[in-house]
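An overview of the molecular structure
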Amino acid sequence: MSDIRLMGQWDEDEGFHYISTEEFGLPQASVDDDAEATALLREWHYGLLELDAQEDVLLSDINASIQGMLRRDVLEFYIAGPERTYDEAPSSWGALGPLAVQLCDGRIVLVDGNHRWATARIRDDRSFRAQVLRQRPRGDRQVTGVA
């Protein structure tokens, strides 16, 4: 297990200890990947795409993260109880938990759920529960998130 106390750095302006997702082997998404993921999320919110049900996603299938940073206090919260939800809602995007987007080239980018992904990595889990937004026409599957 990684000792997260030795990772990252304190941000005096924000008052938090931050750790880059890159310290866990997850690079930050490029500006282009971020823009593509955001466009697909917009299509989902407009009802043009449907969100898959939660599934076990291999950690190795996640190619990058939109956020790129972890707060150590939140990471410690999930390490103490991975099934808990830090905020009132499981996802700020309206998903049932961690949310990823499959880009047109097939890579999967994590949009929300960095702390749960990192917790799974620290615990040496092979996968974690997430919903993946894939580019398929509506009606191809059941909607399980809230648009």
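Residues numbered from 1 in each chain as written. Predicted model: local features only at pLDDT ≥ 70, side-chain atom pairs only at ≥ 80, totals over all residues. Heavy atoms only, no water.

A short note on the overall build of the protein chain
Scanning the protein chain from N- to C-terminus turns up 3 helices and 8 strands. Listing each helix as α and each strand as β along the protein chain from the N terminus yields β-β-α-β-β-β-α-β-β-α-β. Counting over 147 residues, the protein chain shows a buried share of 41%. The long-range fraction of contacts in the protein chain, counting pairs at least 24 apart against all pairs at least 6 apart in sequence, stands at 75%. About 8000 Å² of surface is accessible on the protein chain, with carbon and sulfur atoms providing 46% of the total. (Helix = DSSP H or I, 4+ residues; strand = E, 2+ residues; numbered from the N terminus. Buried < 20%, exposed > 50% of the residue type's maximum accessible area, 1.4 Å probe, protein only. Contact = heavy atoms within 4.5 Å. Areas by Shrake-Rupley, 256 points an atom, 1.4 Å probe, with all protein chains shown as cover.)

Structural notes on unusual backbone geometry
The backbone of D124 shows a phi angle near 65°, a positive value even though the residue is not glycine. Tracing the backbone through its elements, the reader meets D124 in the loop between α3 (114–122) and β8 (127–133).

Observations concerning the sheet that holds strand β2 (residues 16–20)
With antiparallel pairing, the 3 strands of this open sheet are ordered in space as β1-β2-β5. Because the sheet does not close on itself, it has two edges, and the strands there are β1 (9–11) and β5 (69–71). Ignoring strand direction, the axes of neighbouring strands in this sheet form an average angle of 40°. As judged from the 3 bridges shared by β1 and β2, these two strands associate in the antiparallel manner. (Pairing = 2+ DSSP bridges. Axes fitted to C-alpha atoms, helices over the stretch in contact; angles between N-to-C directions.)

Overview of the nonpolar core
Residues F24, I62, L75, W117 and F128 are the most contacted members of the largest nonpolar core, which totals 20 residues. Elements that contribute at least two residues to this core include exactly β7 (108–112), α3 and β8. At 4 residues, the largest contribution of residues to this core is made by α3. Among the nonpolar cores identified, the runner-up in size contains 16 residues, and W44, L51, L99 and V109 belong to it. (Core = buried A, V, L, I, M, F, W, Y, C linked by side-chain atoms within 4.5 Å.)

Looking at the sheet that holds β8
Strand order in the open sheet made by the 5 strands is β3-β8-β6-β7-β4, with mixed pairing throughout. With one partner strand each, in any of the chains shown, β3 (55–58) and β4 (62–65) form the two edges of the open sheet. Geometrically, the sheet is characterised by an average inter-axis angle of 50° between neighbouring strands, direction not taken into account. In this sheet, β8 lies alongside strand β6 (residues 99–102) in parallel orientation, the contact comprising 3 bridges. Across the sheet, residue L99 finds its bridge partner in β8, namely Q131. Lying on the sheet, helix α1 (residues 31–45) is in contact with β6, β7 and β8; it crosses β6 at an angle near 105°. Packing of α3 onto the sheet brings it into contact with β4, β7 and β8, and relative to β8 it is tilted by some 150°.

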